[in-house]
Amino acid sequence: MADCEIKTPARSAVVTRYLVMPQHANPYGTVFGGIIMEWIDMVASMAAQRHCGMDVVTASIDSLAFENPVHIGDQVVLMASVNYVGRTSMEVGVKVVVEDLATGQQRITTRAYLTFVSIDKDHQPIAAPPIRPETADEKRRWDNAALRVRARKQLRGQVKNAT
Ligand SMILES: CC(C)(COP(=O)(O)OP(=O)(O)OC[C@H]1O[C@@H](n2cnc3c(N)ncnc32)[C@H](O)[C@@H]1OP(=O)(O)O)[C@@H](O)C(=O)NCCC(=O)NCCS
């Protein structure tokens, strides 16, 4: 593949936002974690699809911690980019923040790491195109993702061996 055809993380990145409505919230007026998880899965899958230009499935989602509550009326901003590409799999990182409309200040709610696998017409894993991290942030994300990919594989191997 010619160098100019190799995509950067910036080229497939997705930024989207949602307004938190009453149907997203629990009786205390803060959003259900599962709603944020759905939005994370959606925005991350779009980044993975944009990178590989193929259908993808969610293989796994790493554990999530909600660092700050999100209230009805808040605007939630989700930023997703492909951190790492293996053979058929891609790790996508998602940062979720709440934006203060008066000041424009953003407060982190959660970070998530998801693995997608590109699939062919028969729903079988198929090679994803390589990615070229360019900026210092993209290179740092690649390095950190490579560590997580290795750790996930090790864990899956241990779990398989144990069952
Ligand atoms: C994800 C899926 C396609 C993997 O299929 P598989 O036959 O296990 O494929 P392989 O073992 O060849 O693995 C393919 C890639 O996925 C990665 N992978 C597989 N399971 C994984 C997991 N649990 N977490 C992270 N990565 C995983 C492998 O490391 C491999 O990556 P690589 O090609 O970059 O090295 C298959 O398990 C599947 O279809 N799952 C259901 C997906 C789905 O329906 N998601 C929606 C939510 S229910």
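Residues numbered from 1 in each chain as written. Predicted model: local features only at pLDDT ≥ 70, side-chain atom pairs only at ≥ 80, totals over all residues. Heavy atoms only, no water.

**Describing unusual backbone geometry**
Here is the rule: Three exposure classes are used, based on accessible area relative to the maximum for each residue type with a 1.4 Å probe and protein chains only: buried under 20%, partly exposed in between, and exposed over 50%.
Of note in this structure, His123 is not a glycine but carries a positive phi near 65°. Overall, His123 belongs to the exposed group, its relative accessible area being 57%.

**A few points about the nonpolar core**
For the record, the criterion: Definition used in this section: a nonpolar core is a set of buried Ala, Val, Leu, Ile, Met, Phe, Trp, Tyr and Cys residues joined via side-chain atoms within 4.5 Å. Helix and strand assignments come from DSSP, with helices taken as H or I runs of at least 4 residues and strands as E runs of at least 2, each series counted from the N terminus. We call two residues in contact whenever any of their non-hydrogen atoms come within 4.5 Å of each other.
In this structure, Met90, Val92 and Val94 are the most contacted members of the largest nonpolar core, which totals 29 residues. Going through the elements one at a time, helix H2 (33-52), strand E3 (75-85), strand E4 (89-99) and strand E5 (106-119) are the ones with two or more residues in this core. Of all the elements, H2 adds the most residues to this core, at nine residues. Here Val92 is in contact with Ala44, Ala47, Ala48, Ala80, Ser81, Val82, Asn83, Ala112, Tyr113, Leu114 and Phe116, once residues within four sequence places are set aside.

**Quick notes on the environment of Asp143**
Among the secondary structure elements, Asp143 is positioned in helix H3 (residues 136-162). Asp143 gets classed as partly exposed once you look at its relative accessible area, which sits at 48%. For Asp143 and Pro133, which are ten residues apart along the polypeptide, the C-alpha to C-alpha distance reads 10.0 Å.

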